[in-house]
Amino acid sequence: MLRVRCLRGGSRGAEAAHLIGAMVGRAMSGWVQRAFRSTSSSAAAPLPLTVEEPVTEHAPEECPVCAYNEWDPLEEVIVGRAENACVPPFTVEVKANTYEKYWPFYQKFGGQTFPKDHVKKAVAEIEEMCNILRHEGVTVTRPEPIDWSLEYKTPDFTSTGMYAAMPRDILIVVGNEIIEAPMAWRARFFEYRAYRPLIKEYFRRGAKWTTAPKPTMADELYDQEYPIRTVEDRHKLAAQGKFVTTEFEPCFDAADFIRAGTDIFVQRSQVTNFMGIEWMRRHLAPTYKIHIISFKDPNPMHIDATFNIIGPGLVLSNPDRPCRQIEMFKKAGWTVVTPPTPLIPDDHPLWMSSKWLSMNVLMLDEKRVMVDANETGIQKMFENLGIKTVKVSIRHANSLGGGFHCWTTDVRRRGDLRSYFL
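Once a new chain begins, its residue numbering starts again from 1 and follows that chain's sequence as written. At least 70 in pLDDT is required for a residue's local features to be given in this predicted model, at least 80 for side-chain atom pairs to be given and counted, and no such filter applies to totals for whole chains, interfaces and linings, which use all residues. Just so you know, side-chain values use all the structure's heavy atoms and leave hydrogens and water out.

**Regarding the sheet that holds strand E9 (residues 257–260)**
In sheet architecture, strand pairing relies on hydrogen bonds along the backbone and comes in two forms, parallel and antiparallel. The condition is simple: One bridge is not enough; two strands pair if DSSP finds at least two bridges between them. To qualify as a helix, a DSSP run of H or I must reach at least 4 residues; to qualify as a strand, a run of E must reach at least 2; elements of each kind are numbered from the N terminus. Under this scheme, a helix contributes an axis fitted over its contacting stretch, all axes are lines through C-alpha atoms, and angles between N-to-C directions fall in the 0 to 180 degree range.
Read from one edge to the other, the open sheet built from three strands follows the order E9-E10-E11, with strand pairing classed as mixed. At either end of the open sheet lies a strand with only one pairing partner, and these are E9 and strand E11 (289–292). The mean angle between the axes of side-by-side strands here comes to 25 degrees, regardless of whether they run parallel or antiparallel. With four bridges joining them, E9 and strand E10 (residues 263–266) adopt antiparallel strand pairing. What sits directly across from Phe257, in E10, is Val266.

Next up, the structure:
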């Protein structure tokens, strides 16, 4: 039997504590300023009295950022941009996260734009996706267009950029807090710049805003001799817990985490290390629990095309990448659904992803899901589950590395913090 427990207060109790602390802090700050003016008055002419500007406290229900899971009714979402998308340079971390058949593509085009005709079609698909989201009653916001071809240099490396196509990779909303992930690819070091205008506006309107420690991305963060030649190599290394990223400093992509109320699940992957997971665990404790789960996956990077939670106690589990801890979900009363084989053709380019983007869906609420218009098999699966499918074609956008879940970050979902696990 699935146990669902609503937490009275939950994170809002913490918000009240923060509010009291802020009020005390402002009172102390005002006292210090008055005391300073008083002690300075004997040495200077009297200053005219100033009236402090009133500070407006935002009630939790007014916060523009609030989401606890992947399925509550979606009210606002960030959708990425394909414009100016560039092929990342063929570095060791890119090699470890891409399939061997595409390595010549990276070696030839690294640092250049993706094929322009393909990107043009992807842009059109995402624009249509935004229109459909608005039609479904969802507010859509977008990152800034940026020239990603510019080369940049830090004390530790030189690179060009990539894109702002996948907000799910860099941003995760937990309660009323929006967290910027540090990420692990050098080509994505400055990706946060495209989202800063949006995040600053959410902050001004009352959201919490946290940026995880920015990694240096020095050579020590990567196993420069990471031995991958075949899929068999990848399976063996992943099974041994060996990844291209080391534990030199914290790093994680937000898309390696997936939320279910007070429980958040994460995988150690090529882009997310244990230090990054531990940072999130400490940062979100004690309200949220972080659970590490693992899969038989030769190329672990991002959890949402492997293990996608679509409802309270309802999860899609990739049959090609079985979860090693699946029994604990079944014991907790969860329903584990195996999605059908994807229908995407073999000759369609998937430079940074697999065909299993078919299960990378976006829940609009418990009874509506955004799904690829070409994937009739998974459409039927959802219909059998009593979930209405909102069909959109983003086949060319898939090539850039993501499905509907990847192309979005849900900013606000209407719901409460609850416990759905154990």
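Having seen the structure, we can now continue with the description.
**Thoughts on unusual backbone geometry**
Between Ala285 and the following residue, Pro286, the backbone shows a cis peptide bond with an omega angle of 0 degrees. Looking at the secondary structure, you find Pro286 in the loop between helix H8 (274–284) and E11. Residues other than glycine seldom take positive phi values, yet Met183 does so here, at roughly 55 degrees. Locating Met183 in the fold gives a position in the loop between strand E7 (177–180) and helix H6 (196–204). At Met217, a residue that is not glycine, the phi angle is positive and equals roughly 60 degrees.

**Thoughts on the side chain of Asn318**
Spelled out, the test is: Under the scheme applied here, a residue whose accessible area is under 20% of the maximum for its type counts as buried, over 50% as exposed, and between as partly exposed, the area being computed with a 1.4 Å probe on protein chains only. Under this definition, polar contacts are N or O atom pairs within 3.5 Å; protein pairs additionally need one hydrogen-donor-capable and one acceptor-capable atom, and for neighbouring residues in sequence, both atoms have to be side-chain atoms. In what follows, residue pairs with any heavy atoms lying within 4.5 Å of each other are defined as contacts.
Topologically, Asn318 is positioned in the loop between strand E13 (314–317) and helix H9 (326–331). According to the relative accessible area criterion, Asn318 is buried, its value standing at 1%. Side-chain polar atoms of Asn318 contact the backbone nitrogen of Asp320, separated by 2.8 Å. With residues near it in sequence (within four places) discarded, Asn318 still touches Ala305, Thr306, Pro339, Trp356 and Met359.

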